[in-house]
Amino acid sequence: MDTGRRPLWQEDPAARPRLAEPVRTAAVRAVIIVAVTLIQAMVAFLCTLAGSWLAFPAVLGTVAGTVVATWAVLDVWVTRQVWVQRHGVQSQPSSTARELRRERRQARRQQRRDSRGRPAPADRAAA
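Residues numbered from 1 in each chain as written. Predicted model: local features only at pLDDT ≥ 70, side-chain atom pairs only at ≥ 80, totals over all residues. Heavy atoms only, no water.

## Considerations on the overall build of the protein
Next, step 1: Helix and strand counts for the protein stand at 4 helices and 0 strands.
Next, step 2: Split into buried and exposed, the 127 residues of the protein put 13% on the buried side.
Next, step 3: The long-range fraction of contacts in the protein, counting pairs at least 24 apart against all pairs at least 6 apart in sequence, stands at 63%.
Next, step 4: For the protein, the accessible surface area stands at approximately 11,300 Å², while carbon and sulfur atoms represent 61% of it. (Helix = DSSP H or I, 4+ residues; strand = E, 2+ residues; numbered from the N terminus. Buried < 20%, exposed > 50% of the residue type's maximum accessible area, 1.4 Å probe, protein only. Contact = heavy atoms within 4.5 Å. Areas by Shrake-Rupley, 256 points an atom, 1.4 Å probe, with all protein chains shown as cover.)

Below, the structure written as structure tokens:
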């Protein structure tokens, strides 16, 4: 039942693959913590300008928030490194290089058989 209309949107392939779930979780957590820390810094600044008694506790909270935000950003980096190390590039030992070596080895064996005048193993079984 094609109506001949174009779809509302077309999905384009992503330029980069999505982040792994643990990395994405750590990144969201870090963004929230950094945002809260920036809000705390703004409150501390405005309280300082207003001469409020809340300025000193706000500054202490901002310093603590900065430490926590730094830790959260480092957590994203470490989580990404660990994920790449565990699930990253999968190297396959049966790669093209191994296949080429196998072909060269078979060609050398065949050459030796031909130079000796012996039949190949498949020919012996047929005889």
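## Quick notes on the confidence of the model for the protein
Next, step 1: Counting all residues, the mean pLDDT for the protein is 85, and 82% of those residues have values of 70 or more.
Next, step 2: Put simply, helix α4 (residues 121-126) is where the protein has its lowest mean pLDDT, 57, and helix α1 (residues 21-50) is where it has its highest, 96. (pLDDT = per-residue confidence, 0-100.)

## Side note on α1
Next, step 1: With 30 residues, α1 extends 44 Å between its outermost C-alpha atoms, agreeing within 8% with the 44 Å of an ideal straight helix rising 1.5 Å per residue.
Next, step 2: Taken as a whole, α1 has its buried residues at V23, A26, A30, T37, A44 and C47.
Next, step 3: Each element contacted by the buried residues of α1 is listed here: α2 (55-87).
Next, step 4: Downstream of α1 by a residue or two, G51 has a phi angle that is positive, lying close to 75°. (Expected span 1.5 Å × (residues − 1).)

## Regarding the environment of I39
Next, step 1: With respect to the helices, strands and loops of the structure, I39 is situated in helix α1.
Next, step 2: As for I39 and T62, which are separated by 23 residues in sequence, their C-alpha atoms are 8.8 Å apart.

## Some details on the environment of M42
Next, step 1: By the secondary structure assignment, M42 is in helix α1.
Next, step 2: Note on M42: relative accessible area 48%, which makes it partly exposed.
Next, step 3: The sequence separation of M42 and V59 amounts to 17 residues, and the corresponding C-alpha distance is 9.7 Å.

## Regarding the side chain of T62
Next, step 1: Along the chain, the position of T62 falls in helix α2.
Next, step 2: Its relative accessible area of 13% is what places T62 among the buried residues.
Next, step 3: Apart from the residues lying within four places of it in its own chain, the contact partners of T62 are T37, Q40, A41 and A44.

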